[in-house]
Each structure stands twice: as structure tokens, then as C-alpha cells.
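Structural overview
Here is how the chains run, residue by residue.
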Amino acid sequence: MNIRNAGSRAITIAENMRMEQTNRSNIQAMLHYSKEGVICLSAQRDIVFHNAQALKLLRVGASHELARFFPPLFLDEVLEHSSPFIDRVVTINGRQLLINTFPLAMSSSTTGAVCFIHDVQNLQKINRKIDTDLHSRGLVANYTARDIIGKSASVVKLKENIARYAPTDISVYIHGETGTGKELVAHALHAASKRAKQPFVVVNCAALPDPLLESELFGYVSGAFTGARAGGKTGLFEMANTGTIFLDEVSEMAPSLQPRLLRVLQEKEVSRVGDDKITPVDVRVIAATNKDLMELVEKGTFREDLYYRLAVLILELPPLKERTGDLRRLANFIVRKKSKALHRIIEPLSEEAVEQLRTIDWPGNVRQLANVLERA
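Residues numbered from 1 in each chain as written. Predicted model: local features only at pLDDT ≥ 70, side-chain atom pairs only at ≥ 80, totals over all residues. Heavy atoms only, no water.

The subject of this paragraph is the overall build of the protein chain. A tally of regular secondary structure across the protein chain gives 14 helices and 14 strands. Evaluated residue by residue, the protein chain yields a buried proportion of 40% over its 376 residues. For the protein chain, contacts bridging at least 24 residues in sequence account for 63% of all contacts bridging at least 6. Element-wise, carbon and sulfur atoms account for 52% of the exposed surface of the protein chain, whose accessible area totals about 21300 Å². (Helix = DSSP H or I, 4+ residues; strand = E, 2+ residues; numbered from the N terminus. Buried < 20%, exposed > 50% of the residue type's maximum accessible area, 1.4 Å probe, protein only. Contact = heavy atoms within 4.5 Å. Areas by Shrake-Rupley, 256 points an atom, 1.4 Å probe, with all protein chains shown as cover.)

All right, on to the pattern of salt bridges then. One pass over the full model with this rule turns up 19 salt bridges. With a shortest N-O distance of 2.7 Å, Arg195 and Asp282 are connected by a salt bridge. Separated by 87 residues along the polypeptide, Arg195 in the loop between helix H6 (182-191) and strand S7 (200-204) and Asp282 in the loop between strand S12 (279-280) and strand S13 (284-289) bring together distant segments of the chain. According to the relative accessible area criterion, Asp282 is partly exposed, its value standing at 40%. For Glu351, the salt bridge identified is with Arg358, shortest N-O distance 3.6 Å. Taking the relative accessible area as the measure of exposure, Glu351 reaches 41% and is therefore partly exposed. Taken together, the shared-partner salt bridges in this structure form one network comprising Asp169, Lys194, Arg195 and Asp282. (Salt bridge = Lys/Arg side-chain N within 4 Å of Asp/Glu carboxyl O.)

The next thing to look at is the packing of aromatic side chains. When we look at a pair of aromatic rings, we describe it by the centre distance and by the angle of the planes. Applying the stated criterion across every chain yields a total of five aromatic pairs. Ring geometry for Phe74 and Phe85: centres 4.7 Å apart, planes at 5°, overall stacked. Note that Phe74 is positioned in the loop between helix H2 (52-58) and helix H3 (75-81) and Phe85 in strand S3 (residues 85-92), a separation of eleven residues in sequence. The class for Phe74 is buried, based on a relative accessible area of 13%. With a centroid separation of 5.1 Å and 75° between ring planes, the pair formed by Tyr307 and Tyr308 is classed as edge-to-face. Judged by its relative accessible area of 11%, Tyr307 falls in the buried class. (Phe/Tyr/Trp six-rings, centres within 6.5 Å; stacked < 30°, edge-to-face > 60°.)

To continue, consider helix H9 (residues 258-267). Of the residues making up H9, those classed as buried are Gln258, Leu261, Leu262, Val264 and Leu265. Along H9, the residues classed as buried sweep out an arc of 155° about the axis, all on the same side. Considering only its buried residues, H9 is in contact with helix H7 (210-218), helix H8 (236-239), strand S10 (244-248), strand S11 (269-270), S13 and helix H11 (304-310). The first or second residue beyond H9 is Lys268, which carries a positive phi of 60°. (Arc of directions from axis to C-beta.)

Turning to the nonpolar core, a few remarks are in order. Counting 32 residues, the largest nonpolar core has Leu217, Phe237, Ile245 and Leu247 as its most contacted members. Breaking this core down by element, the ones donating at least two residues are S7, H7, H8, S10, H9, S13, helix H10 (293-299) and H11. In contact with Phe237, other than residues within four places in its own chain, are Leu217, Phe218, Ile245, Leu261, Val264, Val270, Val281, Val283 and Val285. Formed by 23 residues, the second largest nonpolar core is a distinct cluster that contains Leu58, Leu73, Leu75 and Leu79. (Core = buried A, V, L, I, M, F, W, Y, C linked by side-chain atoms within 4.5 Å.)

Structure, rendered in C-alpha cells:
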């Protein structure tokens, strides 16, 4: 019986060793194909592993030449102090490298160190490629807070709040009359955020019928409904992953769709129409409307729980009639812009013209002002 047990244990140990060896081989294979250089040391400063990319980035021909790079790669310091060095840029052999070096530990004792090496120039090329791709698909913020014209107290306060709210990932609700610049403010929030290099997706909830809005927001799988594209379609929330989605005219979203939006905000996940697969998403939501959402909640046409998820931070945009002190500055800015677009030299507005503009209530706000000036 003991012999049988010993044999079983030996088989189990052998199987575990085989699996461990397989896992180690798989990890090493992946690291060999990685575009970043990798060097792994034991606690005794012996090279346990390195890939070909490490030799290429450091411009050396053999592994025994790597030891002289331990100090500039922070490997010595990590082994000595067990503290990581993250996102350090160093110049080695005429090449700028981004270095991330970490201690390897087991049972609170350092067993070695691993260094990841990136070519800064190559990272910059990748970033430019990503920027070009986002621009080509229109998934970028085209405006910043500098494009919000005016020095009235309400505009100064608005810009201050944009600067305060932008660095967070908290949902923002923008409320203002038609033509006050809600989309401009959404662009400015994204451009000033840590997500500025990531996608910025704009959705007009009033422009699409309910079934189409659902498939646009959440995507669908092949055969989900009649006319569905073969192969399915990626939804806008998935396209906005790691970035920002701007839901304009969110008050027009049908009650049947509001629970799905609430789920995205609560669970940070979406499922495509006709699919039971869950996809996690990391998206900041900015919503806007010219209607009073709280009034719609009281009428029962907008979910109260969704309102409180969207309106964590609130930006109230002042109507033009409350900032007439900005009229001259705004009007002349618009005239310069239209002058350039029309390839004509147009003089700035006279004081008499500005005074006439101040007598109007501007129900259409800045959009109406721009329309009047262009027509003139």
C-alpha cells in the first residue's frame, strides 16, 4: 500500500514538474517575441533570463555584455533596496530608453529583479499612429477651454469648474439652453483629462430612433435582427473604451434604454444586442441636455437612479442674455472666424452694432448669434 502511495506521489510530482516546465517555457516564449527588452536577475546578480530584444535595444552582441548595464538599468539598486524604479528615461549607447525595473519576491524576501526596456522613439511612433487613427475616425476632442470665449464672471467660473472636474473620472452632467456650447464644454473636459489621448465619442441621443440608438451604443452580433451586418458591429461604448463618451440630448433616451445605460454606469460592462457575452469597459460618461432632467424624473419619463449616476458633477451653462458683457468679444471672434472661412476681409463690429446686439434676448444663444453674423 505504501509502495502504491509512493508511486502515486511520484507521478503527481512528475506531472507538476512537467506542468511547471511547460508554463516556464510558454512564458519565456512570449517574452522572446515581446517588442520590449526583458532582463531577469537572481538575487546573486546572475542572469536568469533575457530576450533578444534586450540585446538589440542595448546594442550588444552577447549576454555576458549585459552586466555593465545593471547600474543604469537600476537592477543593482532594486536588488539592494527591493524598491521599484518606474518610468525612468535613460540614454544608453545613444538611444533613449524607458526603464521599468521591479523586485521579485517570495515570502517577503527578494529573490531577484526584472527589468523591462522600451525604445522611447518607438513608443512615440506608436502614440503618433494612435493619434492619427483616432483623428481619421473623428474620435478626438477638437476644442479646449481656451475656445470658450468670454471673461464674464459666469464664464470664468465655468472654466474653473472644467479645470477642477476634468482630472477626475466622475460622470459630468452639462445643462444649458440650446446654443450655449454644451458640446464645446464636453470637448474641453475630455481634452483636459488624463484620457485626452484616448477616444472621444459623441452620440446625439435625439438623432436616432430607439432601436438604432441601442445597437449603436451597445453594438450587436451577427443575426441579432433583420438587416444586422454580417459579423456584427462594435458599439460606441466599446469604441470609447479607456476614453470618454458624450451623450448629447440624453433626455431623449427612451425609458426602455435607460436601464441598459444604468447598467453600464454601475457595472462598467456592456453586452451587445443578441449576445449574452459581457465585455468590461472603462469609459467616462459626460451627458448633456437643454431640458431639466429632475423635472423629467418627477414626470416619470427619466429614471431617478440614472439621473443620480449621470449628475454627480453638474455644469450649468449661462445663457447669452446673462453675459452681454461678452457680446463684443464673442461677436468679433465669430466675425474673424467667418471672415477666414469666406476668404473675405470683414471689419470688427462698431460700438453701435454691438449695442444693437445687446438689445436682443438671444433665445438661440451663441449659435443664433453666429447665424445672424454670418447672414449679415
